[in-house]
Amino acid sequence: MKKLWSYIAIPCTALAVFTGSIAWVLLLRPFYYAQIAPLGICESSGLTAAQVRAAYGDVMDYCLGLRQTFAAGVLPFSEEGASHFADVRVLFILDLAVLAVTVLFLLGLHIVCKRRGEPLPRLGGRTPAFWAACGLGGLILLVGALAATDFDRAFTVFHGIFFPGKDNWLFDPAADPVIVLLPEEFFRNCAIAIGVSLAGAVPVAAIHRTQPKKIKRFFGALQKNIHAHAWCSVSGSDLPLAGLPVAVCEDHVVQIAQDPVVHHNTITLLSSLVSKGNIPPSDRECKGNFGSLHKFNNLYL
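Residues numbered from 1 in each chain as written. Predicted model: local features only at pLDDT ≥ 70, side-chain atom pairs only at ≥ 80, totals over all residues. Heavy atoms only, no water.

## Side note on the confidence of the model for the protein chain
For step 1, the next point in the chain: Scored by pLDDT, the protein chain has a mean of 75; 67% of the residues are at 70 or more.
For step 2, the next point in the chain: Taken as a whole, residues 210–242 scores under 50 in pLDDT and shows 71 contacts with residues more than four places along the chain or in a different chain. (pLDDT = per-residue confidence, 0-100. Contact = heavy atoms within 4.5 Å.)

Structure below.
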């Protein structure tokens, strides 16, 4: 059952990263404002910068569901043009909805795992975030290769997939001058921004490791371990890695080391205790400082 949640977390993580990479481009309007002058939008449209910003604001307010009727500032528009933005509105709101649902789901899953002190089970030795990153990486390579070789072709394929059977996305500037405010270069910059966001998020997700809470508690307990070395000397246990901390658990004496290359934690069994009576009195009194690691074999090493 626990692995089922790991499998569900993979597409949820991928969708959260993907929709989030799109959402900031939609919501951050200065991203468009900064391109008004470089793209020569005022010159090509005959509008002032303030009018261009107002028209873009009206269009985005409609597409994001902040207003019920379509508008484009002082610019006229056709019913055909407005119908395309109605289709765009559905996609934009869907993106934000998927982002909200997946983030809330992953946050709830994180809270549950934190309270239980257990991470999600790994799949093939990797976290769900790693497999989500693999899927997104493949998507970036596929779409990036298509866009880099022929952006016009990629633009057409995109509209064919998300607006099947429709051609209302082919604007006539005379009837719908709003398209002059959204030149092809702007859409290319949006695609680049989304691609860069995904390219930055993928390696972060790929190297993400959820450290088990038991390991964290154990390292905190080791700071108070002042008797275990003495007990190991009394019991005759040899320390395989001299100078490293050891701890007395409920039924084991263990030693922890961290591999400096791969940064994995290694727990070495030094000695097994038949009963609590085998522990010298001084150590029996301080044993509570070391936490319980009788299930340490279940930890991720």
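## Comments concerning the nonpolar core
For step 1, the next point in the chain: In terms of nonpolar packing, the biggest core is built from 42 residues, with Tyr32, Val52, Phe85 and Leu181 touching the most fellow members.
For step 2, the next point in the chain: Those elements that place two or more of their residues in this core are helix 1 (2–27), helix 2 (30–33), helix 3 (41–45), helix 4 (49–63), helix 5 (79–116), helix 6 (128–149) and helix 8 (184–206).
For step 3, the next point in the chain: Ranked by the residues each element gives to this core, the list is headed by helix 4, at seven residues.
For step 4, the next point in the chain: Ignoring sequence-local partners within four residues, the contact set of Phe85 consists of Val59, Tyr62, Cys63, Phe70, Phe171, Val178 and Leu182. (Core = buried A, V, L, I, M, F, W, Y, C linked by side-chain atoms within 4.5 Å. Buried < 20%, exposed > 50% of the residue type's maximum accessible area, 1.4 Å probe, protein only. Helix = DSSP H or I, 4+ residues; strand = E, 2+ residues; numbered from the N terminus.)

## Focus: the side chain of Arg89
For step 1, the next point in the chain: As for its position among the elements, Arg89 is in helix 5.
For step 2, the next point in the chain: Leave out the neighbours within four places in its chain, and Arg89 touches Tyr62, Cys63, Gly65, Arg67 and Gln68.

## Examining helix 5
Owing to its 3.6 residues per turn, the α-helix aligns residues three or four sequence positions apart on the same side.
For step 1, the next point in the chain: Along its 38 residues, helix 5 runs 56 Å from first to last C-alpha, staying within 8% of the 56 Å computed at 1.5 Å per residue.
For step 2, the next point in the chain: Among the residues trailing helix 5, Gly117 stands out with phi positive, at a value near 70°. (Expected span 1.5 Å × (residues − 1).)

## A few points about a nonpolar patch on the surface
For step 1, the next point in the chain: Taken together, the side chains of Leu4, Trp5 and Ile8 present a nonpolar region at the surface, about 240 Å² in accessible area.
For step 2, the next point in the chain: Note that Ile8 resides in helix 1.
For step 3, the next point in the chain: Among the residues examined, Ile8 registers a relative accessible area of 30% and is labelled partly exposed. (Patch = residues over 30% accessible without salt bridge, like charges linked within 9 Å, V, L, I, M, F, W, Y side chains within 5 Å. Areas by Shrake-Rupley, 256 points an atom, 1.4 Å probe, with all protein chains shown as cover. Salt bridge = Lys/Arg side-chain N within 4 Å of Asp/Glu carboxyl O.)

## Some points on the pattern of salt bridges
Two side chains that carry opposite charge are able to pair once their charged atoms sit near each other.
For step 1, the next point in the chain: For the structure on display, the rule yields four salt bridges.
For step 2, the next point in the chain: The salt bridge partner of Arg29 is Asp61, with a shortest N-O separation of 2.6 Å. Here Arg29, found in the loop between helix 1 and helix 2, pairs with Asp61, found in helix 4; they are 32 residues apart in sequence, far enough to count as distant.
For step 3, the next point in the chain: When its relative accessible area of 18% is taken as the criterion, Arg29 is described as buried.
For step 4, the next point in the chain: Judged by relative accessible area, Asp61 falls into the partly exposed class, the value being 22%.
For step 5, the next point in the chain: For Arg188, the salt bridge identified is with Glu184, shortest N-O distance 3.2 Å. Taken together, the residues Arg188 and Glu184, both in helix 8 and four residues apart, mark about one turn of the helix.

## Comments concerning the environment of Phe171
For step 1, the next point in the chain: For Phe171, the location among the structural elements is in the loop between helix 7 (151–162) and helix 8.
For step 2, the next point in the chain: With 87 residues separating them along the chain, Phe171 and His84 place their C-alpha atoms 9.4 Å apart.
For step 3, the next point in the chain: Discounting residues that sit within four places of it in the chain, Phe171 has contacts with Gly81, His84, Phe85, Asp176 and Ile179.

## Comments concerning the packing of helix 4 against helix 5
For step 1, the next point in the chain: Relative orientation of the contacting elements helix 4 and helix 5 amounts to 60°, with a least axis distance of 8 Å. The angle between helix 4 and helix 5 places the two elements in the oblique class. Listed contacts from helix 5 to Val59, Met60, Tyr62 and Cys63 of helix 4 are Phe85, Ala86, Val88, Arg89, Phe92 and Ile93.
For step 2, the next point in the chain: Taken together, the residues of the contact of helix 4 with helix 5 break down into nine nonpolar, no polar and one charged. (Axes fitted to C-alpha atoms, helices over the stretch in contact; angles between N-to-C directions. Parallel < 35°, antiparallel > 145°, perpendicular 65-115°, else oblique. Nonpolar A, V, L, I, M, F, W, Y, C, P; charged D, E, K, R; others polar.)

## Some points on the side chain of Asp58
For step 1, the next point in the chain: The topology assignment puts Asp58 in helix 4.
For step 2, the next point in the chain: In terms of polar contacts, Asp58 uses its side chain to reach the backbone amide nitrogen of Gly73, at 3.0 Å. (Polar contact = N/O pair within 3.5 Å; in protein donor to acceptor, adjacent residues only side chain to side chain.)

## Re the packing of helix 6 against helix 7
Relative orientation and spacing of two packed helices are given, respectively, by the angle between their axes and the distance between those axes.
For step 1, the next point in the chain: Put simply, helix 6 and helix 7 touch, their axes get as near as 5 Å, and they point 125° apart. The orientation of helix 6 relative to helix 7 falls into the category oblique. Two secondary-structure elements touch here, helix 6 through Leu146, Ala147 and Thr149 and helix 7 through Phe151, Arg153 and Ala154.
For step 2, the next point in the chain: Its residues placed into classes, the contact of helix 6 with helix 7 shows four nonpolar, one polar and one charged.

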